[in-house]
Amino acid sequence: MVTLSVSMIRQARCTTLRRLQPFARGYATPAGAELKVSNQFLSINTRSLNRATQPNTSFKSVTHYDDNAPQSTLDMIHAHTSYLLNTYARPSILFTHGKGCKLFTTSPSSTSSSGVQEYLDFTAGIAVNALGHGDEQIAEIMKDQQSKLTHASNVYWNEYAGELAKLLVENTRKQGGLGLKSDSAPGTGAKVFFSNSGTEANEGALKFVRKYAKEVNPSMASTKTAIVCFTNAFHGRSMGALSVTPNPKYQEPFAPLIPNVRVGELNQHEGLEELIDENVCGVIIEPIQGEGGLNEGTRDWMIKLAKRAREVGAILIYDEIQCGLFRTGKMWAHSGFPLEAQPDIVTMAKPLANGFPIGAIMVRDHVAEKISVGSHGTTFGGQPLATRVGAHVVSRLSAPEFLSRMNDTAAHLDTLLERLPKLFPNIIPAPVRGRGFMRGIPFAHADAPAELVKRARQRGVLLLTAGKDAVRLVPSLTVTKEECDHAIGVIESCLVTMEEDGFGK
Ligand SMILES: Cc1ncc(COP(=O)(O)O)c(C=O)c1O
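Residues numbered from 1 in each chain as written. Predicted model: local features only at pLDDT ≥ 70, side-chain atom pairs only at ≥ 80, totals over all residues. Heavy atoms only, no water.

Section: the confidence of the model for the chain
Then, in step 1: When the pLDDT values of the chain are averaged, the result is 90; 88% of them are 70 or greater.
Then, in step 2: Within the model, the stretch residues 1-51 combines pLDDT values under 50 with 71 contacts to residues more than four positions away or in other chains. (pLDDT = per-residue confidence, 0-100. Contact = heavy atoms within 4.5 Å.)

Quick notes on the site of the ligand
Then, in step 1: Around the ligand, a shell composed of S197, G198, T199, N202, F234, H235, E286, E291, D319, I321, Q322 and K350 is seen.
Then, in step 2: Contacts to the ligand include Q322, whose side-chain N or O atom sits 2.8 Å from an oxygen atom.
Then, in step 3: Contact with the protein chains removes 82% of the 390 Å² of surface that the ligand exposes when unbound.
Then, in step 4: When grouped by side-chain class, the residues that make up the shell around the ligand number 2 nonpolar, 6 polar and 4 charged. (Near = heavy atom within 4 Å. Polar contact = N/O pair within 3.5 Å; in protein donor to acceptor, adjacent residues only side chain to side chain. Areas by Shrake-Rupley, 256 points an atom, 1.4 Å probe, with all protein chains shown as cover. Nonpolar A, V, L, I, M, F, W, Y, C, P; charged D, E, K, R; others polar.)

Here we look at the packing of helix 15 (residues 448-457) against helix 16 (residues 481-500)
Then, in step 1: Running from N to C, helix 15 and helix 16 point in directions that differ by 120°, and their axes come no closer than 9 Å. Considering the angle they form, helix 15 stands oblique to helix 16. Between helix 15 and helix 16 the crossing geometry is right-handed. In this structure, helix 15 contributes A448, E451, L452, R455 and A456 to the contact, and helix 16 contributes V490, I491, C494, L495, T497 and M498.
Then, in step 2: Each residue belonging to the contact of helix 15 with helix 16 can be placed in one class, and the counts come to 8 nonpolar, 1 polar and 2 charged. (Axes fitted to C-alpha atoms, helices over the stretch in contact; angles between N-to-C directions. Helix = DSSP H or I, 4+ residues; strand = E, 2+ residues; numbered from the N terminus. Parallel < 35°, antiparallel > 145°, perpendicular 65-115°, else oblique. Left-handed = near helix turned anticlockwise from the far one by under 90°.)

What about helix 11 (residues 299-311)?
Then, in step 1: In this model helix 11 runs 18 Å from its N-terminal to its C-terminal C-alpha over 13 residues, within 8% of the 18 Å that 1.5 Å per residue would give.
Then, in step 2: Listing the buried residues of helix 11 in full gives W301, M302, I303, L305, A306, R308 and A309.
Then, in step 3: Buried residues belonging to helix 11 abut strand 5 (226-230), helix 10 (272-275), strand 7 (280-285) and strand 8 (315-319).
Then, in step 4: Phi turns positive one or two residues past the end of helix 11, at G313, with a value near 70°. (Expected span 1.5 Å × (residues − 1). Buried < 20%, exposed > 50% of the residue type's maximum accessible area, 1.4 Å probe, protein only.)

As for the sheet that holds strand 1 (residues 97-99)
Then, in step 1: Across the sheet, 4 strands lie side by side as 1-2-3-13; this open sheet has mixed pairing. This sheet does not close on itself; its edge strands, each paired only once, are strand 1 and strand 13 (461-462).
Then, in step 2: Bridge count for strand 3 (residues 118-121) against strand 13 is 2 bridges, and the pairing is parallel. Bridging across to strand 13, D121 finds its partner in L462. (Pairing = 2+ DSSP bridges.)

Points about the packing of aromatic side chains
Then, in step 1: Tallied over the full model, the rule gives 5 aromatic pairs.
Then, in step 2: Look at F193 and F208: their rings are 6.5 Å apart centre to centre, the planes differ by 90°, and that puts the pair in the edge-to-face class. Here the residue F193 occupies a position in strand 4 (residues 190-195), and F208 occupies one in helix 7 (residues 198-216), the gap between them amounting to 15 residues.
Then, in step 3: Between F230 and W301, the ring centres sit 5.2 Å apart and the planes meet at 80°, which makes this aromatic pair edge-to-face. Residue F230 is located in strand 5, and its partner W301 is located in helix 11; the two are separated by 71 residues in the primary sequence.
Then, in step 4: The buried category is assigned to W301, whose relative accessible area is 0%.
Then, in step 5: For the cation-ring pair, R237 lies above Y250, with the distance from its terminal atom to the ring centre recorded as 4.1 Å. (Phe/Tyr/Trp six-rings, centres within 6.5 Å; stacked < 30°, edge-to-face > 60°. Lys NZ or Arg CZ within 6 Å of the ring centre and 35° of its normal.)

Observations concerning the environment of P384
Then, in step 1: Assignment of secondary structure puts P384 in helix 13 (residues 384-397).
Then, in step 2: Judged by its relative accessible area of 4%, P384 is buried.
Then, in step 3: Considered as a pair, P384 and A161 are 223 residues apart in the sequence and their alpha carbons are 6.5 Å apart.
Then, in step 4: With residues near it in sequence (within four places) discarded, P384 still touches Q145, L149, T150, H151, N158 and Y160.

Topic: the environment of C484
Then, in step 1: Turning to its location among the elements, C484 is positioned in helix 16.
Then, in step 2: A relative accessible area of 0% places C484 in the buried class.
Then, in step 3: On a C-alpha basis, the gap between C484 and L416 in space is 8.1 Å, while along the polypeptide they are 68 residues apart.

Section: the side chain of T497
Then, in step 1: Among the structural elements, T497 can be located in helix 16.
Then, in step 2: The contact partners of T497, leaving out residues within four places of it in the chain, are K60, R455 and R459.

Regarding the sheet that holds strand 7
Remark on secondary structure: sheet strands pair via backbone hydrogen bonds, oriented parallel or antiparallel.
Then, in step 1: Ordered in space as 4-10-9-8-7-5-6, the 7 strands form an open sheet in which the pairing is mixed. Each edge of the open sheet carries a strand with a single partner, namely strand 4 and strand 6 (261-264). Averaged over all adjacent pairs, the angle separating strand axes in this sheet is 20°, with direction ignored.
Then, in step 2: Together, strand 4, strand 5, strand 7, strand 8, strand 9 (345-348) and strand 10 (359-364) form the strand contacts of helix 7, whose direction differs from that of strand 9 by roughly 160°.
Then, in step 3: The sheet contacts of helix 11 involve strand 5, strand 7 and strand 8, and relative to strand 7 the element is tilted by about 155°.

Re the nonpolar core
Then, in step 1: Core analysis: the biggest nonpolar cluster contains 73 residues, and L168, I441, L463 and L495 have the highest contact counts within it.
Then, in step 2: Each of two domains, domain 1 (6-133 + 401-500) and domain 2 (160-174 + 214-399), supplies a minimum of three residues to this core.
Then, in step 3: Listed in part, the 22 residues of the second largest apolar core include V283, M302, A306 and F337. (Core = buried A, V, L, I, M, F, W, Y, C linked by side-chain atoms within 4.5 Å. Domains from an automatic or database assignment.)

Examining the pairing of strand 15 (residues 470-473)
Then, in step 1: Covered by surrounding structure in strand 15 are A470 and R472 together with V471 and L473, the residues of both alternating faces.
Then, in step 2: Bridge analysis of strand 12 (residues 438-442) against strand 15 gives 4 bridges, and the strand direction is antiparallel. Among the inter-strand pairings, P442 is bridged to a residue of strand 15, identified as A470.
Then, in step 3: When strand 14 (residues 464-466) meets strand 15, the two strands line up antiparallel, connected through 3 bridges. Bridged to L464 within strand 15 is R472.
Then, in step 4: What sits between the antiparallel neighbours strand 14 and strand 15 is a turn of 3 residues, in which G467 has the positive phi angle 60°.

Digging into unusual backbone geometry
Then, in step 1: In this model, A255 is joined to P256 through a cis peptide bond whose omega is 5°.
Then, in step 2: Mapping P256 onto the fold places it in the loop between helix 9 (248-251) and strand 6.
Then, in step 3: In the Ramachandran plot, A127 falls in the positive-phi region, its phi being about 65° despite a non-glycine side chain.
Then, in step 4: Looking at the element boundaries, A127 is found in helix 4 (residues 124-127).
Then, in step 5: Its relative accessible area of 0% is what places A127 among the buried residues.
Then, in step 6: For N354, which is not glycine, the phi dihedral falls at a positive 55°.
Then, in step 7: Structurally, the position occupied by N354 is in the loop between strand 9 and strand 10.
Then, in step 8: The exposure class assigned to N354 is buried, which follows from its relative accessible area of 9%.

Next comes the structure, spelled out in structure tokens:
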């Protein structure tokens, strides 16, 4: 029996790659040199996309092996497993730096360039890095603020928490959301509390709805405590947020959770009155579900839901942690909803400081009035470093030129995605879900999403699964048309290989 060492296997693979895929060599060179080659990649891909009725097959060969990291990296990963709690299943890929929508596995200045691999990131750190990786303006701001003041606690004021809160409220007034009217006076209508993550934002929002109900209906203080959430929702993993995340896999090991949570069905009109009765103090919903599979409440149903919540005096929370802050092309996924379907509270996090931890709860005045000194608090939330970065991010994302370029690119992505169910009707049985840069490709076969994510990663494109049936695309909002062409070209090639392997039969 012949035993092959890891390096022999890699060498053999590289030789095969060189023979089969001349352009794949770009991925084995240092970052700077790679870019030129990757543009060649893109132009080939764009040409082949012109064939409307045929899938792109340019990327059928594997170029990025999951175990291709240098031995030193593999050793480091192995050593780290002795110290890190094992809560994530992940391939042996260790990213050291990124630029725009690209991620790289090792530093270009490392002594060996052979291990450098470039990936096109269509995950943006799970819908986080709206302005891409390695943004120089953000780096400058962080450096400057770190050297001045990172944190001094909420015992005192700082320069940036109020600035970011103002940007959030006034942009919401301008661009639509939270029921704020565009002609209402600045500084009125809503207020913001800063947290450190999405989960914490939701946790705070759940506390606020309980407090609001007790203050407004003291005679029902012990009965008006129920909270309504919906199937396939994801709101976080702390005890409160987990209690409104009705996924048995996440919940069962930690039961009992907080009591008095009711679970409804998305878009089910029947039974809404019973679900949301007088004992309900709050309703929490993602206008577009992220982790749950890119499912969306229909316009009619969202109006009915919001009306019913108002009828019984329940506070409506829109969790826009994944779908908010311009990912759908507007500031909020609910920006275009009619007044009747506007919420009382919006929670946000992920892209707010482009990856630096921050979350926020934005509440309308009638809720804000019930929140007083001591109602809630945090050590880090609203610190000058996070909120200064946040103010910079929101200013850039809300600039009309940014939004117009982004929406133009999103329309281009739309045309590419529309092809997929037509090209692969047996694998992709329905149109792609979601809006803007939050898209979900639905699959007929339960194993297909994870398989596509793996095959795309092995061809240098990072994707995510979502829910039971979808592959999720949530790239940085700075993604280019060429990068969309490349990502979809790789997806099409992978789907061809999956078809060949019997998916869709
Ligand atoms: C809609 C939604 N809510 C809440 C959360 C939890 O946010 P975090 O992971 O920042 O705590 C997430 C995270 O994926 C999310 O997508």
